[in-house]
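Below, each chain spelled out in residue letters.
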Amino acid sequence: MNADTIRTLIETGLPGARADVRGDDGVHFEATVVAEAFRGKLPLARHRMVYATLGERMGGEIHALALKTLTPDEAA
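Rules of the game
Here the residue numbering is sequential within each chain, running from 1 through the sequence in written order. This being a predicted model, a pLDDT of at least 70 is required before a residue's local features are given, and a value of 80 or more before pairs of side-chain atoms are given or counted; all residues contribute to the totals for chains, interfaces and linings. Side-chain numbers here rest on the full set of heavy atoms in the structure, without hydrogens or water. In this description a helix means any DSSP run of H or I spanning at least four residues, a strand means any run of E spanning at least two, and both kinds are numbered starting from the N terminus. Just to be clear, the radius of gyration here is over C-alpha atoms, and the globule rule we use is 2.2 Å times residues to the power 0.38. The cut-offs for exposure are 20% and 50% of the maximum accessible area for each residue type, with area from a 1.4 Å probe on protein chains only; residues under the lower value are buried, those over the upper are exposed, and the others partly exposed. The criterion used for residue contact is that any of the two residues' heavy atoms lie within 4.5 Å. Computed with the Shrake-Rupley method and a 1.4 Å probe, the accessible areas treat only the protein chains shown as cover for residues. His residues and chain termini do not enter the charge count, which takes Lys and Arg as positive and Asp and Glu as negative. Working definition for charges: the position is that of NZ of Lys, CZ of Arg, CG of Asp or CD of Glu. One side-chain nitrogen of Lys or Arg within 4 Å of one carboxyl oxygen of Asp or Glu is enough to make a salt bridge. Here, nonpolar core refers to any group of buried Ala, Val, Leu, Ile, Met, Phe, Trp, Tyr and Cys residues whose side-chain atoms link them within 4.5 Å.

Visitor: Is there a simple way to think about the overall build of the protein chain in this case?
Guide: Of the regular secondary structure elements, the protein chain holds 3 helices and 3 strands. The secondary structure elements of the protein chain, listed N-terminal to C-terminal, are α-β-β-α-β-α. In terms of C-alpha radius of gyration, the protein chain reaches 11 Å, essentially the compact-globule figure of 11 Å for 76 residues. Each principal axis of the C-alpha distribution contributes one length, and for the protein chain these read about 30 × 20 × 20 Å. Scored against the burial criterion, the 76 residues of the protein chain give a buried share of 32%. Counting only contacts in the protein chain whose residues sit at least 6 apart along the sequence, the fraction spanning at least 24 positions is 54%. Within the structure as shown, the protein chain displays about 4,600 Å² of accessible surface, and the carbon and sulfur contribution to it stands at 51%. Here the protein chain contributes 9 positively and 11 negatively charged side chains, and the mean placements of these two sets differ by 7 Å.

In structure tokens form, the structure reads like this:
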């Protein structure tokens, strides 16, 4: 697994989202995801939305993913 693949999965699964994903060891990653879909949602719900885009890969190919989830207004 690599950061570009994770970015593509997130951006495909959350239309309109922008994701910046980093990770050098192939199993531990950090991502900042900006999406209008997060508006009005609590952090846990936002994280679940991102995890849903990754499906079975979480806990398998992706051992850990630290998330920062923001609306476009929060990212500005």
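Visitor: Just checking my understanding: could you explain the pattern of salt bridges for this structure?
Guide: Pairs can form between side chains of opposite charge once their charged atoms are near each other. Applying the stated criterion to the full structure yields 5 salt bridges. As a salt-bridge pair, D20 and R22 come within 3.2 Å of each other at their nearest N and O atoms. With a relative accessible area of 37%, D20 lands in the partly exposed category. Among the charged side chains, a salt-bridge network with shared partners connects E36, R39 and D73.

Visitor: Help me understand the nonpolar core, please; the structure alone is not making it clear to me.
Guide: Nonpolar side chains in soluble globular proteins generally cluster together in the buried interior. By size, the foremost hydrophobic cluster in this structure holds 17 residues, and its most contacted members are I6, I10, L14, V21, V33, V50 and L65. Mapped by element, the contributors of at least two residues to this core are helix 1 (3–13), strand 1 (18–22), strand 2 (28–34), helix 2 (43–54) and strand 3 (64–70). Setting aside its immediate chain neighbours within four residues, I10 contacts A19, V21, V33, V50, T53 and L54.

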